[in-house]
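Given next are the chains, with one letter for each unit.
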Amino acid sequence: MAETARTLGPGATARALLALTRGDRVEHLTRLAAARPHGSVLRLPTGRVVVACHPDVVKHVLVEHADRYIKGMGQLHAREIIGDGLLTAEGPAWQRQRAAARPQLRARAVQDRLGQVVEAAHEAADRLCAADGRRVDLTVHLASYTLTCLARTFGFDPPDGRRIHEAFEVVQDEAIFRAVTQGAVPLRWRPRRAAAVAAALRTLHAEARGSLGGTPRTEAWAGDEGMMSLFLAGYETTASTLAWAAGFLAHDAALQDRLADEGARLDRGRTPTVADVASLTWAHAVFQDTLRLRPPVWLISRRAVAADVVSGVRLRPGDEVLLLPGATSPDRSFEPGRAVRGEGPPSPLAFGAGPRSCPGVALAVMEGVVWLAVVASRVRLHAVPDRALHPLARMSQAPAGGTVVDVRARTAPGGTAPAGTAQARTAQARTAQARTAHPHPTGSPA
Ligand code: HEM
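Within each chain, residue numbers correspond to sequence positions counted from 1 in written order. Only residues with pLDDT of at least 70 are given local features in this predicted model, and only at 80 or more are side-chain atom pairs given and counted; all residues enter the totals for whole chains, interfaces and linings. Hydrogens and waters are ignored; side-chain quantities use all the structure's heavy atoms.

Under the scheme used here, helices are H or I runs from DSSP no shorter than 4 residues and strands are E runs no shorter than 2 residues, and both carry numbers assigned from the N terminus. Structurally, Asp319 is set in the loop between strand S8 (313-315) and strand S9 (320-323). For Asp319, the side chain forms a polar contact with the main-chain nitrogen of Arg48, separated by 2.8 Å. For the purposes of these results, a polar contact is taken to be a pair of N or O atoms within 3.5 Å, where, inside protein, one atom must be able to donate a hydrogen and its partner to accept one; residues adjacent in sequence count only when each atom of the pair is a side-chain atom.

In structure tokens form, the structure reads like this:
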């Protein structure tokens, strides 16, 4: 790491701190990291904070010297609230849970659930078809879909999407508040928030127990804390990515038509294959470009537990390194065509790196592209006038105020266009075309 970081002056430090208190904090920190990829250093009374995005820094902190760090700002604060699950635990407790979750999250095991994920996407599309002609906020819809995919992957009952989402809104608000204030305002001084946090935790415990029912507990969810961690890590990120993608797609009818053509390969009534999913070129490109532009995990933070030198800066235990996945790509426009043409690498840091990188990547990609293709084949999404997408960045970044779109059904609920209509004929032709293009299914049927 020959390049050195630059220490910010008092004015720039004050501006960065002020930006941290706002919902659009991601924009400011991403610009800061992009301007100086090897690092800008904030000197705070609590210690130093290095803001960076360069691959050398990423490799040093997340991969080569991962043992010198624990998770930092945000996740450290979430841990105080939701406890020691896989997302937040450290040391042996983390190792045991990571090993226990691995078998179900392997690509092969995830592929075995393809049929169930496609069915979950059709069920989600049924709900949208039923909202034909109405204005819909997709937030709870996406929470329910991603929680269903997670439940089917791990073999428990899907928890209630709305209750989980509302509870985690409270957890996320509290975690980011503690991160920004560095824990200077204890919860006992904020009785209303304390009551909201207690209620959210009661909901999460109840949903964790209700979902498991009679399912035997494994080390990955030895306690409710393990389940809460899985819920949070496993639904919020994919749901936020799809919320951004849907917001972009609502402005682009032609792109939705491309996805709809691909979605015909996942029609109900035929067994989906891994090859079908691999052939969803536009759905993969939309997912990938959304991750590049709006990575849900917008901040990967680490707190030093041993002395280290990063970009020439001597770090002491307690100092933090903040890595910004969104700063690795300078282009700020949504243009999935580039990924289709093979131009520009996918976001290198969207799923993290090193021993704590995302173990759910295979599930995330599969459920993401399947939802995009299936939903586009069943409904059209229209942008609501004068409703721009702005980020609300807490533990993850999601569109502030949700993704609100006008929904028009392309098919009847159940997935079929009314018989004899032009839509039905097009759907039949698409299915026949897809079968000719993929005559030899190679994946494992669910
Ligand atoms: C688009 C969707 C997703 C994105 C962008 C994403 C991104 C990430 C990133 C960047 C990390 C590393 C955080 C860090 O190093 O501090 C992470 C960790 C994690 N992710 Fe994902 N994730 C996604 C979906 C999922 C899914 C579907 C699961 C399902 C179980 C999952 C489970 C986890 C867990 C358990 C961790 C913590 C791992 C550990 O600390 O050992 N993620 N994710």
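Should DSSP find at least two bridges between two strands, the strands are regarded as paired. Taken in spatial order, the three strands of this open sheet run S5-S13-S10, and their pairing is antiparallel. In this open sheet, the two edge strands, each paired with only one partner strand, are strand S5 (135-137) and strand S10 (379-383). Averaged over all pairs of adjacent strands, the angle between strand axes in this sheet comes to 45 degrees, irrespective of strand direction. In the sheet, S5 pairs with strand S13 (residues 404-409) via three bridges, with the strands oriented antiparallel. If you follow Asp137 over to S13, its bridge partner there is Val404. Contacts were defined at the residue level, with two residues in contact if any of their heavy atoms lie within 4.5 Å. Working convention: axes come from line fits to C-alpha atoms, limited for helices to the stretch in contact. Angles between N-to-C directions cover 0 to 180 degrees. Sitting on the sheet, helix H8 (residues 138-154) is in contact with S5, S10 and S13, with an inclination near 55 degrees to S5.

Attention now goes to the pairing of strand S6 (residues 300-304). Relative accessibility under 20% of the residue-type maximum defines a buried residue, over 50% an exposed one, and the middle range a partly exposed one, all with a 1.4 Å probe and only protein chains included. The element S6 is largely enclosed, with a buried count of four among its five residues. In this sheet, S6 lies alongside strand S4 (residues 69-71) in antiparallel orientation, the contact comprising three bridges. Looking at the pairing, Lys71 lines up with Arg302 of S6. By the bridge criterion, four bridges tie S6 to S9 in an arrangement that is antiparallel. Bridge pairing links Ser301 to Leu322 in S9.

Even without glycine at this site, Gln182 takes up a positive phi of about 50 degrees. Counting through the fold element by element, Gln182 comes out in the loop between helix H9 (161-181) and helix H10 (191-212). Residue classification places Gln182 among the partly exposed residues on the basis of a relative accessible area of 35%. With a phi angle near 60 degrees, Asp386 is a residue other than glycine that sits in the positive phi range. Checked against the element boundaries, Asp386 lands in the loop between S10 and strand S11 (391-393).

What follows is about the pattern of salt bridges. Side chains carrying opposite charge are able to pair once their charged atoms draw close together. Salt bridges are defined by distance alone: a side-chain nitrogen of Lys or Arg within 4 Å of a carboxyl oxygen of Asp or Glu. What the rule picks out here adds up to 28 salt bridges. A salt bridge links Glu335 to Arg341; the shortest N-O distance between them is 3.3 Å. Accessibility expressed as a relative area gives 29% for Glu335, which makes it partly exposed. Salt bridges linked by common partners bring Glu80, Glu174, Arg178, Arg190 and Arg193 together as one network.

Take it as geometry only, folks, not as evidence of what the structure does.
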